[in-house]
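Fold and geometry: a report
Each chain, letter by letter, is given below.
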Amino acid sequence: MPGLPDPSGRPDGQPKRGTMIRISDILERVAEANSDADLDIIDRAYVYSARVHAGQLRLSGEPYLLHPLEVAFVLAQMNLDPVSVAAGLLHDVVEDTHATPDEIEAMFGSEVRHIVDGVTKMSKVTVSDSRTRQAESIRKMLLAMADDLRVILIKLADRLHNMRTLQYHKPPKRLEIATETLDIYAPIAARLGIYWMKHELEDIAFQHTEPEAYDTIKQLVARSRVEREEYVQKVMDIIRERTTDAGLQGRVLGRYKKYYSIHNKMKAQNLAFEDVYDIIGFRIILDTIPHCYEALGVIHALWKPIDIKFKDYIARPKSNMYQSLHTTVIGPGGMRIEIQIRTEEMDEVAKSGVAAHWSYKEGKSANPKVSQQFAWIQNLIENQENIRDPREFMENVRIDLFPDEVYVFTPNGDIRSLARGATPVDFAYLIHTEVGHHLAGAKINGRLVPLQTELETGDVVEIVTSPKGHPSKDWLGFVKTVKARAKIRQWIKTQEKERSLSLGREMCEKAFRKYRMSFNTVLKTPEMEKVVDEFGFKTTEDLIASIGYGKITPLQVVRRFLPKPEDLAKSDEASLIKKLIGSVRKRKTKTKTGVTVKGLDDILVRFGKCCQPVPGDPIVGYITRGSGVTIHRSDCVNALKLNADRYIDVEWSQEVAETYPVKIRVSAVDRVGLLVDVVSNISKNGANIISAWTETKDDHTVDGLFTIGVADTQHLNRILNDIRKVKRVQGVRRVK
């Protein structure tokens, strides 16, 4: 259709998938962008990469060399410098071949070595679980990214080609890679302003994380495409005519909303596909900023604007340098249409993001203005540097990467940006850690407000401090920024450590006395240093504090000093459990729960009602004094707010066969027999319906909430897939 770009959204000139990239294509593209570019380093990198990867094949059966060629071409399309393109050709050689960093430096220079090292994955790190490996890999990537932004641009290009060939992996691996892409890589692309890459990563990941929903939306878009073409052409003709009459010369384009964006909008606003009116968007590209505002006036005079949908990203650019005017109007036929208005330069930035401004030539550093704009990367690193728990680290990175921002003012008129939903507490910690620690109250626009008040763009925020003020655990329930949460937790942890040291020391003294040993004497022995190291602590104080927290027990330490720990009486074992969990009464009859806690099966275990974990879900245990161990899903929002020092390792037992309650939500269009068919598909899978609630709305849609008993996640997925096949069911999902 005229005016509609390639649905992939990739930059102009990107070859279609399936076309073999050649080194000549890369060299030509780099030379087009910069006629003075040093092509020799790219040529040498290609020859070296071809030699060390010789004989290696990808899962598709194609020569491995195809992958670095694809990565390098993406970088060339983004107009990156020859060093970046050469590093793209070499990004896997250290990890996957006999090549060494020293060899890379000798042949291509320290700059290429630095970038390749930053991109290299952490697959050789000897850590026990995949979550820790992933967290450390992301942490290293972010550190390198803060030092040289080209690292993340190469990593994104690498991930993009891997996603394009994701179908060659086995289903579990596909799901793992696609989920990580949605959580980490697509948001990074967005923060860097590379929206074409963000959209492609999201759509491919969506295809593998929710294949049924993807296929449904793809079919609906294809079915409605023909119907919309005439309307789109009509709107584009009107815009061209009116802007030309106003003396404005420019391009008018139409674009289809991406499948993942459509899916998110339907889910967030509980809409049927037919109710998503802005499937098509329009873009007006002009030569100057004043012309952009003139075009906005023409559009608003032509069609009625929806005020709350207007965004001026020219006057107030996004943190990734994105600039454009966004407006939604009631167009012909009463349909809502979204229109973006920008200059050619802004359009180039919207395609390439930071890469449009980034330049490394003849050893010069990057543009200082660009570095300042991307200071959020350094902030992200600083916020995460003291977090060692992989679950908390990954969750905080996700929060930092989804920063829907608000802009507020200090009393002096300085502007500050914060994540949407941020509060005066977040603002205080943004100003300075000590301001946050001594926060006593806050004023917004001159009025005292509760600390949990959400800030809005344009607010003037004034912080009231007091020497006696200090953080509260309650603040963790409403702060939105990672910095505020991290600083509050750090303060609380410091206070708790002092109390836990005292309690831990007292518990140890009693435990050692029971076995006729002096704890104070043992503390001074070389054996204690070995015990501290065995438990993975740096100092004896850390070990004692951990006992006070309840994370390990005094008896676990005592056992290291007993000659025959296997002869310990069962009464002592009972004492161990009592001290670990608190005053929990043991059940007279042991009941299997399906969860093992550090190899012990006589600890009171309960499941978090907030997230309802079932076998197959990644889980974590949380020690609650007096209430045993509560089992949460690893991604449970409530669990992530808890003190990480009280986490305990748990795993699903393979011996216990039980059913577990889980809530599912079904959205459908009403019809006779709908409920019977849904219930039938649940029952035929052997699941018990514990409770059911349905509501039929005025628009004839049905919202149903069912609590069912399932054996594990595979059982649940079979049920969800069968319900999706029921006629007129629009969606079904597990309620988190």
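Residues numbered from 1 in each chain as written. Predicted model: local features only at pLDDT ≥ 70, side-chain atom pairs only at ≥ 80, totals over all residues. Heavy atoms only, no water.

1. Side note on the overall build of the chain
Of regular secondary structure, the chain possesses 29 helices and 21 strands. Relative to its 736 residues, the chain shows a buried fraction of 49%. Considering only intrachain contacts with a sequence separation of at least 6, the fraction spanning at least 24 residues in the chain is 66%. Approximately 36300 Å² of the chain is accessible, and the part contributed by carbon and sulfur atoms is 50%. (Helix = DSSP H or I, 4+ residues; strand = E, 2+ residues; numbered from the N terminus. Buried < 20%, exposed > 50% of the residue type's maximum accessible area, 1.4 Å probe, protein only. Contact = heavy atoms within 4.5 Å. Areas by Shrake-Rupley, 256 points an atom, 1.4 Å probe, with all protein chains shown as cover.)

2. Digging into the packing of helix α6 (residues 101-108) against helix α7 (residues 110-119)
Where α6 meets α7, the axes come as close as 7 Å, and the angle between the chain directions of the two elements is 145°. For the pair α6 and α7, the crossing hand works out as right-handed. For the pair α6 and α7, contact is made by Pro101, Asp102, Ile104, Glu105 and Phe108 and by Ser110, Val112 and Arg113, respectively. A per-class count over the contact of α6 with α7 returns four nonpolar, one polar and three charged. (Axes fitted to C-alpha atoms, helices over the stretch in contact; angles between N-to-C directions. Left-handed = near helix turned anticlockwise from the far one by under 90°. Nonpolar A, V, L, I, M, F, W, Y, C, P; charged D, E, K, R; others polar.)

3. Topic: the sheet that holds strand β9 (residues 439-444)
A sheet is described by the order of its strands in space; here three strands give the open sequence β10-β9-β11, paired in antiparallel fashion. If you trace the sheet from one side to the other, it starts and ends with β10 (447-449) and β11 (461-465), each paired once. Strand-to-strand twist of the sheet, defined as the mean angle between neighbouring strand axes without regard to direction, takes the value 40°. Note: β9 against β11, five bridges, orientation antiparallel. Within β11, the residue paired with Leu439 across the bridge is Thr465. (Pairing = 2+ DSSP bridges.)

4. What to know about the sheet that holds strand β19 (residues 688-696)
Strand order in the open sheet formed by four strands is β19-β20-β18-β21, and the pairing between neighbours is antiparallel. The two strands at the open ends of the sheet, each matched to only one other strand, are β19 and β21 (729-734). Adjacent strand axes in the sheet meet at a mean angle of 15° when their direction is disregarded. One ladder, built from five bridges, connects strand β18 (residues 660-669) with β21; its direction is antiparallel. When the sheet's bridge partners are listed, Arg665 is paired in β21 with Arg733. In the packing of helix α28 (residues 674-683) onto the sheet, the strands contacted are β18, β19, β20 (701-710) and β21, and the crossing angle to β20 comes to about 20°.

5. Quick word on the nonpolar core
Of all hydrophobic cores here, the largest spans 97 residues; its most connected members are Ile26 and Ile339. Broken down by element, this core gets its largest block of residues, nine residues, from helix α12 (residues 211-245). With sequence-adjacent residues up to four places away left out, Ile339 is seen in contact with Ile239, Phe282, Ile284, Ile299, Trp303, Leu325, His326, Thr327 and Val329. If you look at the next biggest cluster of nonpolar residues, it comprises 30 residues, including Ile631, Ala668, Val678 and Ala687. (Core = buried A, V, L, I, M, F, W, Y, C linked by side-chain atoms within 4.5 Å.)

6. Observations regarding the environment of Lys736
Tracing the chain through its elements places Lys736 in the segment after β21. When its relative accessible area of 71% is taken as the criterion, Lys736 is described as exposed. Here the alpha-carbon distance between Lys736 and Cys636, two residues 100 residues apart in the chain, equals 7.9 Å. Beyond its immediate stretch of four places on either side in the chain, Lys736 contacts Cys610, Arg633 and Asp635.

7. Structural notes on helix α10 (residues 171-191)
Given a rise of 1.5 Å per residue, 21 residues ought to cover 30 Å, and the 29 Å separating the end C-alpha atoms of α10 matches this to within 8%. Considering bend angle alone, the principal kink of α10 is centred on Thr181 and spans about 45°. Within two residues after α10, Gly193 carries a phi angle of roughly 80°, on the positive side. (Expected span 1.5 Å × (residues − 1). Bend = angle between axes of the 7 residues up to and from the residue.)

8. Things to note about the environment of Asp237
With respect to the helices and strands, Asp237 occurs in helix α12. A sequence separation of 15 residues divides Asp237 from Val252, and the C-alpha atoms of the two residues are 8.8 Å apart.

9. Examining empty space enclosed by the protein
Within the structure shown, the criterion is met by three cavities of 30 Å³ or more. What lines the second largest cavity is simply Val94, Pro101, Ile104, Arg113, Val116, Asp117 and Thr120. Secondary structure elements with two or more residues in the lining of the second largest cavity: α6 and α7. No other element matches α7, which puts three residues into the lining of the second largest cavity. The class makeup of the residues in the lining of the second largest cavity is four nonpolar, one polar and two charged. (1 Å grid on protein atoms, 1.4 Å probe; cavity = no way out; pocket = protein on both sides within 12 Å on 5 of 7 lines; lining within 4 Å. Points joined across faces, edges and corners; volume = space filled by probe spheres on them.)

10. Overview of the packing of α10 against helix α11 (residues 195-209)
Contact geometry of α10 with α11 gives a least axis separation of 9 Å together with a crossing angle of 160°. Overall, the two elements α10 and α11 adopt an arrangement that is roughly antiparallel. The two elements α10 and α11 meet at a crossing, and its hand is left-handed. Contacts between α10 and α11 involve Arg174, Leu175, Ala178, Thr179, Thr181, Leu182, Tyr185, Ala186, Ala189 and Ala190 on the former and, on the latter, Tyr195, Lys198, Leu201, Glu202, Ala205, His208 and Thr209. Taken together, the residues that form the contact of α10 with α11 break down as 10 nonpolar, four polar and three charged. (Parallel < 35°, antiparallel > 145°, perpendicular 65-115°, else oblique.)

11. Brief notes about the pairing of strand β2 (residues 280-286)
The buried count for β2 comes to seven of seven residues, which makes it a mostly enclosed element. Residues Ile280, Phe282, Ile284 and Leu286 line one face of β2 and the alternating positions Gly281, Arg283 and Ile285 line the opposite face, and both faces are buried. The pairing of strand β1 (residues 251-256) with β2 spans six bridges and is antiparallel. Across the sheet, the residue bridging to Gly254 is Phe282, located in β2. The pairing of β2 with strand β6 (residues 336-343) spans six bridges and is classified as parallel. Within the sheet, the bridge partner assigned to Phe282 lies in β6 and is Ile339.

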